[in-house]
Amino acid sequence: MAFEINHIHLKASDPRRTAEWYVRAFGFKIMSDTVRSFGDRRINCMSSGGLVVNISSERDGEVMAEGYAGSQWGLEHFGVNSDDLQSDIERLGALGAPLLEGPIDIPDGNLVAFIQGPDDVRIEVVQQR
Amino acid sequence: MGHVVNHVHLKSEDPKKTADWFVEAFGVEIRGDDFREAGGDRFIRCFDGNGFNINISGQRVNLGEKMEPASAETRFGLEHFGFDVDDMDSEIERLKGLGAELREGPVEAGGGLKIAFISVPGPIRIELIQRP
C-alpha cells in the first residue's frame, strides 16, 4: 500500500497574509490558525481538491534560507489547475504574482505557465487538455 | 474544475533513480515515463496512495534551463511535503536504511501527533506524520 501525502508546507514570514493570498488566488479555505508550541503561527489550509497546504512562520530559533522561484533540483514547485490559463495569468498578475515562464503549449499535453507566488514560491498553472 | 492542486514536482539529474527511490521508500506508483521533446527532459509521473500526482523530471536542456541546487534545509517558500506513517520509529529506521537522514525529531506536535523531518536523496526535506 502506497503512503499518502499528508500535506505540502509553505513557510512565510507573514503566514496569514500568504494564506489570504491563496484564498483569493486559488480558493483555499483556512481551516485553523494557531500559534504552536514550537513558537510558529501555523495556518492550516484546505485546497480545492482536498490537499492540505500548511503555511507557517519560522519556529523559535529557526534559521531560514530564502525561497527561490526559479528552476532548482529537488522540491521545485507545485501545480494548480486552471480552467482558463490566459485569464488566470492576468488575474494572478494583478494579485502580485508575476509570470515567470510561458504559457507553454506542451505537445500532446497541457497548456502551462509558471508564476511567482508569495515568498518566492514557483507555481505551475495548468490548463488540462 | 476549479483550482485543484494538481501535483508536486521534484527535479532530479536522474529522474528514474529518484522515482525508484520513492517507489521503494513510499510505495508510490509509476504510471508514466516519457521523454519530452520540447524540453529534452525525462518526465516520470508517480502517484501516492491517495492518487495524488508527484512528477519527477530532469533538466529541460532544450530550453536552456539552469538549475539551482536543491535544499533540505528550513527555508521560506515551498519547503517540504509530508507523508503519513503508521509507525514513526520503524519508518525512520527503514528510511535511514534507504539513505535518508533524520534531521529533526521525532517530536510531539500536540494532540498526540508525532512528527519528524528527514532529508532524502535530492536532497529533499520530507516530514513524517504519525497521527494518534
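Position numbers for residues start from 1 in each chain and track the written sequence from start to end. Here every chain gets a letter starting at A, and every ligand a number starting at 1, in the order they are written. For this predicted model, a pLDDT threshold of at least 70 governs which residues receive local features, and a threshold of 80 or more governs which side-chain atom pairs are given and counted, while totals over whole chains, interfaces and linings are taken from all residues.

Some words on the overall build of chain A
Then, in step 1: Helical segments are the DSSP runs of H or I of at least four residues, strand segments are the runs of E of at least two, and each set is numbered from the N terminus. Along chain A, the regular secondary structure elements total two helices and eight strands.
Then, in step 2: Listed by position from the N terminus, the elements making up chain A come as β-α-β-β-β-β-α-β-β-β.
Then, in step 3: Each radius of gyration reported is based on C-alpha atoms, and the globular scaling rule is 2.2 Å times the count of residues to the power 0.38. For a compact globule of 129 residues, the expected C-alpha radius of gyration is about 14 Å, and chain A comes in at 15 Å, within 12% of that figure.
Then, in step 4: Over its C-alpha atoms, taken along the principal directions, chain A stretches across nearly 50 × 35 × 30 Å.
Then, in step 5: Counting other C-beta atoms within 10 Å of each residue's C-beta, where C-beta atoms are placed from the backbone, gives the exposure class: buried for 20 or more, exposed for 12 or fewer, partly exposed between. Within the span of chain A, comprising 129 residues, buried residues form 43% of the whole.

Here's the deal with the confidence of the model for chain B
Then, in step 1: The predicted model of chain B averages 96 in pLDDT, with 99% of residues at 70 or higher.
Then, in step 2: Across the assembled chains, the prediction reports ipTM 0.95 with pTM 0.96. pLDDT is defined as a per-residue confidence score from the predictor, taking values between 0 and 100.

Description of the domain arrangement of chain A
All names here are of chain A.
Then, in step 1: In terms of domain boundaries, chain A breaks down into domain 1 (8-56) and domain 2 (77-127).
Then, in step 2: The split into domains, and so the bounds of each, comes from an automatic or database assignment of domains. Centre-to-centre, using C-alpha coordinates, domain 1 lies 20 Å away from domain 2.
Then, in step 3: Contributing elements (two or more residues each) for the side of domain 1 that touches domain 2: β1 (5-11) and α1 (15-26).
Then, in step 4: When residues are sorted by character, Ala, Val, Leu, Ile, Met, Phe, Trp, Tyr, Cys and Pro go into the nonpolar class, Asp, Glu, Lys and Arg into the charged class, and all the rest, Gly among them, into the polar class. A per-class count over the side of domain 1 that touches domain 2 returns six nonpolar, one polar and one charged.

Some remarks on the interface of chain A and chain B
Then, in step 1: The interface is formed by 50 residues belonging to chain A together with 48 residues belonging to chain B.
Then, in step 2: Put simply, the parts of the chain that give the side of chain A that touches chain B at least two residues each are β1, β5 (74-81) and β8 (121-127) of chain A.
Then, in step 3: Sorting elements by how many residues they give to the side of chain A that touches chain B places β5 of chain A first, with eight residues.
Then, in step 4: When its residues are assigned to classes, the side of chain A that touches chain B shows 22 nonpolar, 18 polar and 10 charged. By the convention adopted here, residues are in contact when the distance between their C-beta atoms, placed from the backbone, does not exceed 7 Å.

A closer look at the pairing of strand β2 (residues 29-35) of chain A
All names here are of chain A.
Then, in step 1: Burial of β2 is sparse: only zero of the seven residues sit out of reach of the surface.
Then, in step 2: If DSSP finds at least two bridges between two strands, the strands pair. Both β2 and strand β3 (residues 41-46) contribute to a ladder of six bridges, which runs antiparallel. Within β3, the residue paired with lysine 29 across the bridge is methionine 46.
Then, in step 3: Counting the residues between successive antiparallel strands, the hairpin from β2 to β3 contains five residues, one of them, glycine 39, with a positive phi of roughly 90°.

A short note on the pairing of β1 of chain A
Residues and elements named next belong to chain A.
Then, in step 1: The buried count for β1 comes to six of seven residues, which makes it a mostly enclosed element.
Then, in step 2: Bridge count between β1 and strand β4 (residues 52-56): four bridges; the pairing is parallel. Looking at the pairing, histidine 9 lines up with asparagine 54 of β4.

Considerations on the domain arrangement of chain B
All names here are of chain B.
Then, in step 1: You can read the domains of chain B as domain 1 (7-62) and domain 2 (81-130).
Then, in step 2: Just the C-alpha atoms count here: the centres of domain 1 and domain 2 sit 21 Å apart.
Then, in step 3: Listed as interface residues are eight residues of domain 1 and, on the opposing side, eight residues of domain 2.
Then, in step 4: Among the secondary structure elements, those contributing two or more residues to the side of domain 1 that touches domain 2 are β1 (5-11) and α1 (15-26).
Then, in step 5: Considering each element in turn, the side of domain 1 that touches domain 2 owes the most residues, five residues, to α1.
Then, in step 6: Its residues assigned to classes, the side of domain 1 that touches domain 2 comprises five nonpolar, two polar and one charged.

Quick word on the sheet that holds strand β6 (residues 99-105) of chain A
Then, in step 1: One open sheet holds the eight strands; their spatial order is β6(A)-β7(A)-β8(A)-β5(A)-β1(B)-β4(B)-β3(B)-β2(B), and the pairing between them is mixed. Looking at strand neighbours, the two that pair on one side only are β6 of chain A together with β2 (29-36) of chain B, the edges of this open sheet. Adjacent strand axes in the sheet meet at a mean angle of 25° when their direction is disregarded.
Then, in step 2: The sheet contact formed by β2 of chain B and strand β3 (residues 41-47) of chain B spans seven bridges and is antiparallel. From the neighbouring strand, aspartate 33 of chain B faces β3 of chain B, where its bridge partner is isoleucine 44 of chain B.
Then, in step 3: For helices, the fitted line uses only the C-alpha atoms of the stretch in contact; every axis is such a line through C-alpha atoms, and the angle between N-to-C directions lies from 0 to 180 degrees. Packed on one face of the sheet, α1 of chain B meets β1, β2, β3 and β4 (53-57) of chain B and runs near 10° to β3 of chain B.

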